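As a plain string of letters, each chain reads:
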Amino acid sequence: MSIELNHISCSYPGGAQESVTVFDDFSLHIADGEFIGIMGHTGCGKTTLLQLMAGLIAPSGGEVLINGEDINKAGYDRSILRRSVGIVFQYPEYQLFETTVEKDVAFGLKHSGLSRAEVRERVIWALTLMGFSYENIRTRSPLTLSGGEKRRVAIAGVLAVKPDILMFDEPIAGLDPQNRTAFLELAAQLNRQGTTVIIVSHNADALAESVCRLIVMDRGRTVMDGTPNSVFADPVRMQELHLGVSTPRAIADMLAKRGIPIAPDIIRYEELLLELRMNLKAR
Amino acid sequence: MCMISGTGIRFAYEADGRLKRVLRDLDIQIQRGEFAVVLGANGSGKSTLVKHFNALLPLQKGELTVAGINAAGRSDIWRLRRVCGMVFQNPDNQFVSSVVEEDVAFGLENYEVPREQIPDRVRKALRLVGMEGYENRSPHSLSGGQKQRVALAGVLALEPDIVILDEVTAMLDPQGRQEVLESVRRLHEQEKKTVVMITHYIEEAVLADRVFLLGDGVLQACGTPREILTDPQLLDKAGLTPPLPVKIYYDLYKTGIRLDRIPLTNEELVEELCQLN
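Residues numbered from 1 in each chain as written. Chains lettered and ligands numbered in written order. Predicted model: local features only at pLDDT ≥ 70, side-chain atom pairs only at ≥ 80, totals over all residues. Heavy atoms only, no water.

### Points about the sheet that holds strand β1 (residues 3–12) of chain A
Residue and element names in this part refer to chain A.
- If you trace the four strands from one edge of the open sheet to the other, you get β2-β1-β4-β5, paired in antiparallel fashion. At either margin of the open sheet sits one strand with a lone partner, and together these are β2 (20–30) and β5 (69–70).
- With five bridges joining them, β1 and strand β4 (residues 61–66) adopt antiparallel strand pairing. If you follow Ser9 over to β4, its bridge partner there is Gly61.
- Along the sheet, helix α1 (residues 46–53) contacts β1, β2 and β4; its crossing angle with β1, the most-contacted strand, is approximately 120°. (Pairing = 2+ DSSP bridges. Helix = DSSP H or I, 4+ residues; strand = E, 2+ residues; numbered from the N terminus. Contact = heavy atoms within 4.5 Å. Axes fitted to C-alpha atoms, helices over the stretch in contact; angles between N-to-C directions.)

Below, the structure is given as structure tokens:
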């Protein structure tokens, strides 16, 4: 499903102080089936953007279209939105609340019209995708899980609904390397099957390895938008924005500064390794 | 001298009528003034372990002495928490006040530090983390890195011997991470605090005096960052991957390209590669 934000303005009431404007005439188009990463300094509006796209907040001006339909228009059937857009928040412990993992993962399917057997099948599917053994985890209380396990259960709960658009706010924070890799592979797999995937993250390495389009935001504006290779090709600009480039990119830059000839568009581990091999063998 | 000394620490809880063992007779010793980094896969017991150090979790079995205090003794619990402070992952839910300086003073008031001493202690703590000038700000108006440094100041105001950091950089952007790590380095090097830091960023472990590798509820290994981080088999067994420069070293090695030594940091890797030139 496609997402279109047209001329959005959005601000938060500031209490006694002035209100804070997050967006003023902000537009963004995301086509059906894209795999997108969003980076930006704390406070640039990333989380607000996700909330707008998921219809959790309404803009004060402009429109949010999902599949061409204005989701904030009177008469729009919001149940479509809830089924088609899944969002995993920054702190998964905030979205776990049921007494068992099974109930928690099944919660989003409550009014889906699925039979009990179908719901159970979905729960097993989602938990297995997130690397759990259904039998071992299903009766555990979410509160007894470790930080990384909570995050994976929260993701399973959103996957179970099989939304067309998946949004993740900082999904790999607190995950160990194997779970990090597994999550990114899963996101890529769901994307290949047609899901539009949007990942907000500070982790340049993870975004370099996964997404096809990288959007960099600063103070409510899009300041860079392109392939990860093109965005990370400008480390100086990224530094100005207080953001990092991927580690392979950073190493390639350090080598280039030392006079070692190296391709300027390296951003992934395998690319760096291949380049080093060819470079070192040639000598 | 030992700052934290634990033997046979066991922790289990019941889930669905089955006993889930998290720590299995774990032994650990952390020296006074040491910067210890704890690594381990999700669910390996890292957080459970460090929560014993200031009695957030009561000791079920084993022995644990922290700064000379018996962590099993319930009567010493408040003294223990004063000498052993802790900062958590989420920068947003550690604040009790809407003003930075009041938030930092909260612990001091609880411990009935004389009123006239409080402003000085608060100022000193904020200076340590590079947050002087933010006294009257609302914590919620700060960036993630600034919030974590204010949380750290709240702990430092109590002048603890030990500071425990449970994934404090996980939610931060690169700049925020740098700010927090710089504060941590300063309180280790200048203030001589014993620091115990849990992290999933393996490159942060390079900063440690010693790395403690947890797996299956026991200490799998401990040693210098070089000893632990350059051993891919050991890390793999614990469900972790080595830092990128170490990976590069071994992947080049496989194709017959040998660097003189195993680089731990990006800078070391670049040096090694330049020497091949």
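Alright, that's what it looks like, and here's the rest.
### Some remarks on the interface of chain B and chain A
- In this complex, chain B contributes 44 residues to the contact, which on the side of chain A involves 44 residues.
- Ranking the residues of chain B by area buried against chain A places B:Asn42, B:Met171 and B:Asp173 at the top, with a combined share of 16%.
- Taking the shortest distance from any N to any O, the salt bridge between B:Glu271 and A:Arg258 comes out at 2.6 Å.
- Applying the counting criterion to the chain B and chain A interface returns 15 residue pairs in polar contact (both at pLDDT 80 or more).
- Counting residues per element, the ones that place at least two in the side of chain B that touches chain A are β1 (2–15), β2 (18–31), α6 (174–189), α9 (244–254) and α10 (266–276) of chain B.
- The greatest single-element share of the side of chain B that touches chain A, amounting to eight residues, is contributed by α10(B).
- Residue composition of the side of chain B that touches chain A, by class: 19 nonpolar, 14 polar and 11 charged. (Buried area = accessible area lost by both parts, 1.4 Å probe. Salt bridge = Lys/Arg side-chain N within 4 Å of Asp/Glu carboxyl O. Polar contact = N/O pair within 3.5 Å; in protein donor to acceptor, adjacent residues only side chain to side chain. Nonpolar A, V, L, I, M, F, W, Y, C, P; charged D, E, K, R; others polar.)

### Points about the pattern of salt bridges
All names here are of chain A.
- The full count for this structure, using the stated rule, is 23 salt bridges over all chains.
- When the shortest N-O distance is used, the salt bridge between Glu34 and Arg213 registers 2.9 Å. Linking Glu34 in the loop between β2 and β3 (35–40) with Arg213 in strand β9 (residues 213–218), this pair joins segments that are 179 residues apart in sequence. Here Glu34 and Arg213 have matching classes, each one buried.
- Between Arg237 and Glu240 there is a salt bridge, and its shortest N-O distance comes to 3.4 Å. Of the two residues, Arg237 and Glu240 both sit in helix α10 (residues 235–240), three residues apart, roughly one turn of that helix.
- Salt bridges linked by common partners bring Glu34, Arg213 and Asp225 together as one network. (Buried < 20%, exposed > 50% of the residue type's maximum accessible area, 1.4 Å probe, protein only.)

### Looking at the pairing of β9(A)
Residue and element names in this part refer to chain A.
- Counting buried residues along β9, six of its six residues qualify, which places the element largely inside the surrounding structure.
- Sheet topology places β9 next to strand β10 (residues 221–226); five bridges connect them, and they run antiparallel. The partner of Val216 across the bridge, within β10, is Met224.
- Connecting β9 to the next strand, β10, in antiparallel fashion are two residues, including Arg219 with a positive phi near 40°.

### Brief notes about the domain arrangement of chain A
Residues and elements named next belong to chain A.
- Taken domain by domain, chain A consists of domain 1 (3–245) and domain 2 (246–283).
- Each of domain 1 and domain 2 has a C-alpha centre, and the two are 32 Å apart.
- The interface of domain 1 with domain 2 comprises 10 residues on the first partner and 11 residues on the second.
- Taken together, both faces of the contact between domain 1 and domain 2 bury some 830 Å²; the carbon and sulfur share is 49%.
- Contact with domain 2 buries area across many residues of domain 1, yet Glu209, Asn229 and Val245 alone supply 51% of it, more than any other trio.
- At the boundary of domain 1 with domain 2, the tally comes to zero salt bridges.
- Taken together, the connections running from domain 1 to domain 2 amount to five residue pairs in polar contact (both at pLDDT 80 or more). (Domains from an automatic or database assignment.)

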